[in-house]
Amino acid sequence: MMEDDDGDANAIPIQHIKHFLETLAKAAMDLLGNLPKGLKGSMIETQVLQNLYPIRVWRDLIHCNFVVPQSLSDGDGRWRAGAIATLIEIIGACAVYTSVGNLSVSVEFNVSYFSTGKIQEEVEIEAKVLLGHKGNLSSVVVVIKKKQNGDLVAIGKQWKSAFDINLKSHWCSTL
């Protein structure tokens, strides 16, 4: 683990998480490029990543800011619930990645919505891996608050299963 500019030995250089986010964006773009043209909402993963600004990345903890774009809002200018859930999923995966160093998939995913953001409103995001790990499972909570007044937008709770993409046993059913 490298020290950041404040001397925190638990900090992970932002370049590492940016690289991970760029890798996710590229993978999403590759996947989406193969989907039939005209499928609505198919670009949501990459749209979410374009307005995400990592602030601090530590082992088990990520702080980011996000500016709600028009493309992720409804006709009334409110941030779509599906876009919020997508952001929670991506940031939760990144938090687990900082903890275990592998990609992960959600095995349980819950979101509680309290309010919504408006176009060009900035929100703060905190993702924290909780209680360590149980086998290859990790628990992560993602909290989204409005930056201006601290109002809660959403809380996402996930159980994520980390896996090594190169390990063939993950691709075979044991049933």
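Right above here is the structure, for reference.
This one's a predicted model, so the numbers in the text were calculated from it and none came from an experiment.

Draft legend 1. Main features of the environment of glycine 92. As for its placement among the helices and strands, glycine 92 is situated in helix 3 (residues 81-100). With a relative accessible area of 0%, glycine 92 lands in the buried category. Between the C-alpha atom of glycine 92 and that of valine 105, which follows or precedes it by 13 residues, the distance is 9.8 Å. The contacts of glycine 92, once residues within four sequence positions are left out, are Val140, Val142, Gln158 and Lys160.

Draft legend 2. Up close: the environment of glutamate 89. In this structure, glutamate 89 sits in helix 3. In this structure the C-alpha to C-alpha distance between glutamate 89 and glutamine 158, which are 69 residues apart in sequence, comes to 8.1 Å. Non-local contacts of glutamate 89, meaning those with residues more than four positions away in its chain, are made with Ser106, Phe109, Gln158 and Lys160. A distance of 2.8 Å separates polar atoms of two side chains, one belonging to glutamate 89 and the other to lysine 160.

Draft legend 3. Representation of unusual backbone geometry. Positive phi values are uncommon outside glycine, yet glutamine 120 reaches one of about 70 degrees. Its location among the elements puts glutamine 120 in the loop between strand 3 (103-113) and strand 4 (122-134).

Draft legend 4. Highlighting the packing of aromatic side chains. A full pass over the atoms with the stated rule returns one aromatic pair. Note on phenylalanine 66 and tryptophan 79: the rings are 5.3 Å apart at their centroids and 20 degrees apart in plane angle, and the pair reads as stacked. Taken together, the positions of phenylalanine 66 in strand 2 (residues 61-67) and tryptophan 79 in the loop between strand 2 and helix 3 put the pair 13 residues apart, joining distant regions of the chain. No difference in accessibility class separates phenylalanine 66 from tryptophan 79, as the two residues are buried.

Scoring rules and cut-offs
Residues numbered from 1 in each chain as written. Predicted model: local features only at pLDDT ≥ 70, side-chain atom pairs only at ≥ 80, totals over all residues. Heavy atoms only, no water. Helix = DSSP H or I, 4+ residues; strand = E, 2+ residues; numbered from the N terminus. Buried < 20%, exposed > 50% of the residue type's maximum accessible area, 1.4 Å probe, protein only. Contact = heavy atoms within 4.5 Å. Polar contact = N/O pair within 3.5 Å; in protein donor to acceptor, adjacent residues only side chain to side chain. Phe/Tyr/Trp six-rings, centres within 6.5 Å; stacked < 30°, edge-to-face > 60°.

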